[in-house]
Amino acid sequence: MELKKDQRIKRTQRDYSLPFKMMVIQEVEKGQITYKQAQQKYGIQGRSTVLVWLRRYGQQDWTSQTMPKSSKRQLTPQQQIRQLEKKLADEKLKTEFMQDVIYHLDKECGTNFQKKYIEHVSKIGKAKDN
């Protein structure tokens, strides 16, 4: 029962069947949507309704009163993959930036940081291999 963004259905508590609740819980726990997105997507009125369902029927630990911080809660494998992919992309950007800075320093100031940087990185790699 997916709704368009501009459509909303007012619901009462009796409208939510157990299979419906389980479907919503499964989407949230798989990391496909957040509990707030589930509220919006399915027109769930209560602010904590989905959290109550997660605590009652979910497979993860949702017992805290507020939403746990991402570092403290148990992440699904899909959420962990997304988090690691984001961290990897951030690190790649940092690396590219540092390489550009080093290149321009060497070119404009006549330094030799690029050579020292490559030597340093290769030493780190050798230390990890041992």
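In this report, we go over the structure that sits alongside the text. (Residues numbered from 1 in each chain as written. Predicted model: local features only at pLDDT ≥ 70, side-chain atom pairs only at ≥ 80, totals over all residues. Heavy atoms only, no water.)

**Describing the overall build of the protein chain**
- Along the backbone of the protein chain there are five helices and zero strands.
- Moving toward the C terminus, one meets the helices and strands of the protein chain in the order α-α-α-α-α.
- Counting over 130 residues, the protein chain shows a buried share of 24%.
- Restricting to contacts in the protein chain with at least 6 residues of sequence separation, those with at least 24 account for 45%. (Helix = DSSP H or I, 4+ residues; strand = E, 2+ residues; numbered from the N terminus. Buried < 20%, exposed > 50% of the residue type's maximum accessible area, 1.4 Å probe, protein only. Contact = heavy atoms within 4.5 Å.)

**With respect to the packing of aromatic side chains**
- Following the criterion strictly, the structure yields four aromatic pairs and no others.
- Considering the side-chain rings of F20 and W53, the 6.0 Å spacing of their centres and the 85° angle between planes classify their relative orientation as edge-to-face. Of this pair, F20 sits in helix α1 (residues 18-29) while W53 sits in helix α3 (residues 49-57), and the two are 33 residues apart along the sequence. (Phe/Tyr/Trp six-rings, centres within 6.5 Å; stacked < 30°, edge-to-face > 60°.)

**A short note on α1**
- Over its twelve residues, α1 runs 16 Å from end to end, which matches the ideal 16 Å to within 8%, given 1.5 Å per residue.
- Looking at the buried side of α1, the elements it contacts are α2 (35-42), α3 and α4 (77-109).
- Two residues or fewer after α1 comes G31, characterised by a positive phi angle close to 85°. (Expected span 1.5 Å × (residues − 1).)

**Thoughts on the nonpolar core**
- Counting 14 residues, the largest nonpolar core has F20, V24, V28, I44, V50, W53 and L54 as its most contacted members.
- Of all the elements in the fold, those that place two or more residues in this core are α1, α2 and α3. (Core = buried A, V, L, I, M, F, W, Y, C linked by side-chain atoms within 4.5 Å.)

**Some remarks on a nonpolar patch on the surface**
- A cluster of nonpolar residues, F97, M98, V101, L105 and F113, forms a patch on the protein surface that exposes about 430 Å² of accessible area.
- Considering each element in turn, the nonpolar patch owes the most residues, four residues, to α4.
- When you line up the elements, F113 lands in helix α5 (residues 113-129). (Patch = residues over 30% accessible without salt bridge, like charges linked within 9 Å, V, L, I, M, F, W, Y side chains within 5 Å. Areas by Shrake-Rupley, 256 points an atom, 1.4 Å probe, with all protein chains shown as cover. Salt bridge = Lys/Arg side-chain N within 4 Å of Asp/Glu carboxyl O.)

**With respect to the packing of α1 against α2**
- Taken N-terminus to C-terminus, the directions of α1 and α2 make an angle of 135°; their axes are 9 Å apart at the nearest point. Here α1 is positioned oblique relative to α2, judged by the angle of their axes. As for the relative orientation of α1 and α2, their crossing is right-handed in sense. Residue-level contacts link F20, M23, V24, E27 and V28 of α1 to Y35, A38, K41 and Y42 of α2.
- Taken together, the residues of the contact of α1 with α2 break down into seven nonpolar, no polar and two charged. (Axes fitted to C-alpha atoms, helices over the stretch in contact; angles between N-to-C directions. Parallel < 35°, antiparallel > 145°, perpendicular 65-115°, else oblique. Left-handed = near helix turned anticlockwise from the far one by under 90°. Nonpolar A, V, L, I, M, F, W, Y, C, P; charged D, E, K, R; others polar.)

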